[in-house]
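Residues per chain are reported as follows:
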Amino acid sequence: MTRIVSGFAGSLTLQVPKSGTRPTSDRVREAAFSALDARGEVHGARVLDLFAGSGALGLEAASRGASSVVLVERGAAAAQICRRNAAAVTKAAPASARPTVDVRATSVQSYLSGAAGPFDLVFVDPPYDVGDAELLDVLTALVPLLVPGATVCVERSTRTGEPALPDGLELTRRKDYGETALFWLTRTAH
(Lines give C-alpha, C1' and ligand atoms only; values in the text may rest on other atoms or scores of the structure.)
Protein backbone atom coordinates (compact mmCIF):
# COMPACT_ATOMS: atom_id res chain seq x y z
CA MET A 1 0.00 0.00 0.00
CA THR A 2 1.33 3.44 -0.94
CA ARG A 3 0.25 6.46 1.05
CA ILE A 4 1.08 10.13 1.53
CA VAL A 5 3.43 10.25 4.53
CA SER A 6 2.94 13.81 5.81
CA GLY A 7 1.38 17.21 5.19
CA PHE A 8 -2.27 18.10 4.64
CA ALA A 9 -2.94 14.78 2.86
CA GLY A 10 -0.94 12.68 5.34
CA SER A 11 -2.13 9.04 5.55
CA LEU A 12 -4.13 9.32 2.30
CA THR A 13 -3.86 6.00 0.43
CA LEU A 14 -2.78 6.30 -3.20
CA GLN A 15 -3.78 4.03 -6.04
CA VAL A 16 -0.86 2.25 -7.71
CA PRO A 17 -0.73 0.89 -11.28
CA LYS A 18 -1.14 -2.90 -11.41
CA SER A 19 2.06 -3.33 -13.43
CA GLY A 20 4.83 -1.44 -15.16
CA THR A 21 5.86 0.74 -12.22
CA ARG A 22 8.02 0.37 -9.12
CA PRO A 23 6.60 2.64 -6.43
CA THR A 24 9.08 4.35 -4.12
CA SER A 25 8.62 2.83 -0.67
CA ASP A 26 7.09 4.93 2.10
CA ARG A 27 10.38 4.54 4.03
CA VAL A 28 12.49 5.98 1.20
CA ARG A 29 9.98 8.81 0.55
CA GLU A 30 9.87 9.66 4.24
CA ALA A 31 13.68 9.81 4.47
CA ALA A 32 14.00 11.87 1.28
CA PHE A 33 11.34 14.36 2.34
CA SER A 34 12.77 14.68 5.85
CA ALA A 35 16.03 15.81 4.25
CA LEU A 36 14.24 18.16 1.83
CA ASP A 37 12.03 19.64 4.58
CA ALA A 38 15.06 20.19 6.83
CA ARG A 39 16.61 22.31 4.07
CA GLY A 40 13.34 24.16 3.35
CA GLU A 41 13.23 22.92 -0.24
CA VAL A 42 9.60 21.82 -0.51
CA HIS A 43 7.36 24.63 0.74
CA GLY A 44 6.45 26.89 -2.19
CA ALA A 45 8.54 24.85 -4.65
CA ARG A 46 7.74 24.23 -8.30
CA VAL A 47 8.12 20.45 -8.54
CA LEU A 48 8.58 18.11 -11.49
CA ASP A 49 8.11 14.33 -11.08
CA LEU A 50 9.48 12.41 -14.07
CA PHE A 51 8.52 8.74 -14.63
CA ALA A 52 5.79 9.49 -12.08
CA GLY A 53 4.12 6.06 -11.86
CA SER A 54 1.44 6.66 -9.22
CA GLY A 55 2.61 10.25 -8.69
CA ALA A 56 3.60 9.49 -5.08
CA LEU A 57 6.78 11.61 -5.05
CA GLY A 58 5.25 14.72 -6.61
CA LEU A 59 2.05 14.38 -4.60
CA GLU A 60 4.03 14.01 -1.37
CA ALA A 61 5.65 17.36 -2.25
CA ALA A 62 2.19 18.86 -2.90
CA SER A 63 0.96 17.64 0.49
CA ARG A 64 3.99 19.23 2.16
CA GLY A 65 3.45 22.67 0.65
CA ALA A 66 4.82 22.73 -2.91
CA SER A 67 3.03 25.40 -4.93
CA SER A 68 2.86 23.42 -8.17
CA VAL A 69 3.59 19.90 -9.33
CA VAL A 70 3.88 18.38 -12.80
CA LEU A 71 3.61 14.59 -13.02
CA VAL A 72 5.00 13.10 -16.25
CA GLU A 73 4.01 9.50 -16.97
CA ARG A 74 3.79 7.98 -20.46
CA GLY A 75 1.79 4.87 -19.52
CA ALA A 76 -1.89 5.60 -20.16
CA ALA A 77 -3.16 3.53 -17.23
CA ALA A 78 -0.55 4.98 -14.86
CA ALA A 79 -1.29 8.55 -16.03
CA GLN A 80 -4.99 7.96 -15.31
CA ILE A 81 -4.08 6.78 -11.79
CA CYS A 82 -1.90 9.91 -11.38
CA ARG A 83 -4.95 12.02 -12.26
CA ARG A 84 -7.12 10.24 -9.68
CA ASN A 85 -4.42 10.48 -7.00
CA ALA A 86 -3.85 14.16 -7.81
CA ALA A 87 -7.58 14.85 -7.48
CA ALA A 88 -7.68 13.13 -4.08
CA VAL A 89 -4.65 15.07 -2.81
CA THR A 90 -5.83 18.48 -4.02
CA LYS A 91 -9.29 17.80 -2.58
CA ALA A 92 -7.64 17.27 0.83
CA ALA A 93 -5.83 20.63 0.61
CA PRO A 94 -7.06 23.66 2.50
CA ALA A 95 -8.63 26.10 0.03
CA SER A 96 -6.03 28.75 0.92
CA ALA A 97 -3.10 26.45 0.09
CA ARG A 98 -4.30 24.32 -2.81
CA PRO A 99 -1.39 23.39 -5.09
CA THR A 100 -1.77 23.07 -8.83
CA VAL A 101 -1.10 19.56 -10.07
CA ASP A 102 -0.73 18.93 -13.80
CA VAL A 103 -0.53 15.38 -15.18
CA ARG A 104 1.17 14.97 -18.56
CA ALA A 105 0.61 11.62 -20.29
CA THR A 106 3.69 11.67 -22.49
CA SER A 107 7.26 10.41 -22.57
CA VAL A 108 9.78 12.22 -20.39
CA GLN A 109 11.92 13.28 -23.37
CA SER A 110 8.87 14.59 -25.23
CA TYR A 111 7.78 16.59 -22.19
CA LEU A 112 11.27 18.01 -21.56
CA SER A 113 11.67 19.11 -25.19
CA GLY A 114 8.73 21.52 -24.84
CA ALA A 115 8.56 22.23 -21.09
CA ALA A 116 8.55 25.78 -19.80
CA GLY A 117 9.98 25.43 -16.27
CA PRO A 118 11.63 26.69 -14.21
CA PHE A 119 11.64 24.03 -11.51
CA ASP A 120 13.05 24.14 -7.99
CA LEU A 121 12.80 20.43 -7.19
CA VAL A 122 12.78 17.44 -9.55
CA PHE A 123 12.30 13.72 -8.92
CA VAL A 124 13.70 11.34 -11.53
CA ASP A 125 12.64 7.78 -10.78
CA PRO A 126 13.01 5.84 -14.04
CA PRO A 127 12.40 2.11 -14.37
CA TYR A 128 15.56 0.28 -13.36
CA ASP A 129 16.00 -0.94 -16.95
CA VAL A 130 16.51 2.64 -18.21
CA GLY A 131 20.17 2.71 -19.19
CA ASP A 132 22.83 5.21 -18.24
CA ALA A 133 22.85 6.87 -21.68
CA GLU A 134 19.08 7.44 -21.61
CA LEU A 135 19.27 8.80 -18.06
CA LEU A 136 22.08 11.16 -19.12
CA ASP A 137 19.88 12.40 -22.00
CA VAL A 138 17.06 13.11 -19.53
CA LEU A 139 19.36 14.98 -17.14
CA THR A 140 20.91 16.97 -20.00
CA ALA A 141 17.46 18.07 -21.24
CA LEU A 142 16.47 18.93 -17.66
CA VAL A 143 19.35 21.34 -16.87
CA PRO A 144 17.97 24.41 -18.74
CA LEU A 145 14.63 24.02 -16.92
CA LEU A 146 16.17 24.33 -13.45
CA VAL A 147 16.70 27.40 -11.30
CA PRO A 148 20.26 27.81 -9.97
CA GLY A 149 20.56 25.75 -6.80
CA ALA A 150 17.63 23.47 -7.74
CA THR A 151 17.66 19.97 -6.30
CA VAL A 152 17.28 16.88 -8.48
CA CYS A 153 16.72 13.58 -6.71
CA VAL A 154 17.49 10.52 -8.85
CA GLU A 155 16.35 7.10 -7.68
CA ARG A 156 18.20 4.06 -9.02
CA SER A 157 19.06 0.52 -8.04
CA THR A 158 22.16 0.31 -5.83
CA ARG A 159 23.59 -2.04 -8.50
CA THR A 160 23.62 0.61 -11.25
CA GLY A 161 26.23 2.95 -9.77
CA GLU A 162 26.35 6.72 -9.94
CA PRO A 163 24.63 8.34 -12.92
CA ALA A 164 26.76 10.20 -15.44
CA LEU A 165 26.09 13.92 -15.09
CA PRO A 166 25.89 16.67 -17.69
CA ASP A 167 27.44 20.11 -17.24
CA GLY A 168 25.28 22.11 -14.84
CA LEU A 169 24.58 19.32 -12.36
CA GLU A 170 26.79 18.10 -9.55
CA LEU A 171 26.39 15.18 -7.17
CA THR A 172 26.08 16.46 -3.61
CA ARG A 173 25.00 13.33 -1.77
CA ARG A 174 24.19 9.64 -2.11
CA LYS A 175 22.09 7.63 0.33
CA ASP A 176 21.27 3.92 0.06
CA TYR A 177 18.13 2.29 1.42
CA GLY A 178 18.37 -1.47 0.85
CA GLU A 179 18.26 -1.96 -2.95
CA THR A 180 17.41 1.71 -3.58
CA ALA A 181 19.99 4.47 -4.02
CA LEU A 182 19.06 8.16 -3.95
CA PHE A 183 21.43 10.52 -5.72
CA TRP A 184 21.05 14.19 -4.75
CA LEU A 185 22.10 16.56 -7.53
CA THR A 186 22.32 20.34 -7.44
CA ARG A 187 22.02 22.76 -10.37
CA THR A 188 25.26 24.71 -10.43
CA ALA A 189 25.24 28.44 -11.13
CA HIS A 190 27.06 28.39 -14.48
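Whatever comes next refers back to the structure up there.
Counting of residues starts from 1 at the beginning of each chain's written sequence and follows it residue by residue. Under the rules for a predicted model, residues below a pLDDT of 70 receive no local features and side-chain atom pairs below 80 are neither given nor counted, while totals for whole chains, interfaces and linings still include all residues. Side-chain numbers come from the whole structure's heavy atoms, not from hydrogens or water.

A. Focus on the overall build of the protein chain. Looking only at helices and strands, the protein chain has five helices and nine strands in total. Only runs of H or I of at least four residues qualify as helices and only runs of E of at least two qualify as strands under DSSP, and these elements are numbered from the N terminus. Listing each helix as α and each strand as β along the protein chain from the N terminus yields β-β-α-β-α-β-α-β-α-β-α-β-β-β. Note on method: radius of gyration uses C-alpha positions; expected globular size equals 2.2 Å times residues raised to 0.38. Relative to its length of 190 residues, the protein chain is compact, with a C-alpha radius of gyration of 15 Å against a globular reference of 16 Å. Each principal axis of the C-alpha atoms in the protein chain carries an extent, and together these give about 40 × 35 × 35 Å. When burial is assessed residue by residue, the protein chain has 51% of its 190 residues classed as buried. Contacts are assigned to residue pairs that have any heavy atoms within 4.5 Å of one another. Of the contacts formed within the protein chain by residues at least 6 apart in sequence, a portion of 66% connects residues at least 24 apart. To measure how exposed things are, a 1.4 Å probe is used in the Shrake-Rupley method; for residues, cover is taken only from the protein chains shown. Summing over all exposed atoms, the protein chain offers an accessible surface of approximately 8400 Å²; the carbon and sulfur share of this is 51%. In this tally, Lys and Arg are treated as positive and Asp and Glu as negative; His is ignored, and so are the chain termini. Note on charges: their place is set at NZ of Lys, CZ of Arg, CG of Asp or CD of Glu. A distance of 7 Å separates the average location of the 20 positive side-chain charges in the protein chain from that of its 20 negative side-chain charges. Relative accessibility under 20% of the residue-type maximum defines a buried residue, over 50% an exposed one, and the middle range a partly exposed one, all with a 1.4 Å probe and only protein chains included.

B. Molecular detail of the packing of aromatic side chains. Aromatic pairs are defined between Phe, Tyr and Trp rings, using the six-membered ring for Trp, whenever the two ring centres lie within 6.5 Å; interplanar angles under 30 degrees are classed as stacked, those over 60 as edge-to-face, and all others as tilted. Here the structure, examined in full by the defined rule, presents one aromatic pair. Ring centres 5.4 Å apart and planes at 40° place the aromatic pair Phe-33 and Phe-123 in the tilted group. One end of the pair, Phe-33, is in helix 1 (residues 26-38); the other, Phe-123, is in strand 6 (residues 119-124), and 90 residues separate them in sequence. This pair shows no difference in class: Phe-33 is buried, exactly as Phe-123 is. Sitting over a ring, as applied to charges here, requires NZ of Lys or CZ of Arg to be within 6 Å of the ring centre and within 35 degrees of the ring normal. Above the face of the Trp-184 ring, Arg-39 is positioned so that its terminal group lies 5.4 Å from the ring centre.

C. Layout of unusual backbone geometry. Cis geometry marks the peptide bond from Gly-117 to Pro-118; its omega dihedral reads -5°. Along the chain, the position of Pro-118 falls in the loop between helix 4 (108-114) and strand 6. Unlike most non-glycine residues, Ser-11 shows phi in positive territory, near 80°. Relative to the elements of secondary structure, Ser-11 occurs in the loop between strand 1 (2-3) and strand 2 (13-14). Notably, Phe-51 is not glycine yet its phi reads approximately 55°, a positive angle. The topology assignment puts Phe-51 in the loop between strand 3 (46-50) and helix 2 (56-63).

D. Molecular detail of the environment of Leu-112. As for its position among the elements, Leu-112 is in helix 4. Residue Leu-112 is classed as buried on the basis of its relative accessible area of 5%. A sequence separation of 80 residues divides Leu-112 from Ala-32, and the C-alpha atoms of the two residues are 24 Å apart. If sequence neighbours within four positions are ignored, Leu-112 has contacts with Leu-48, Leu-50, Val-138, Ala-141, Leu-142 and Leu-145.

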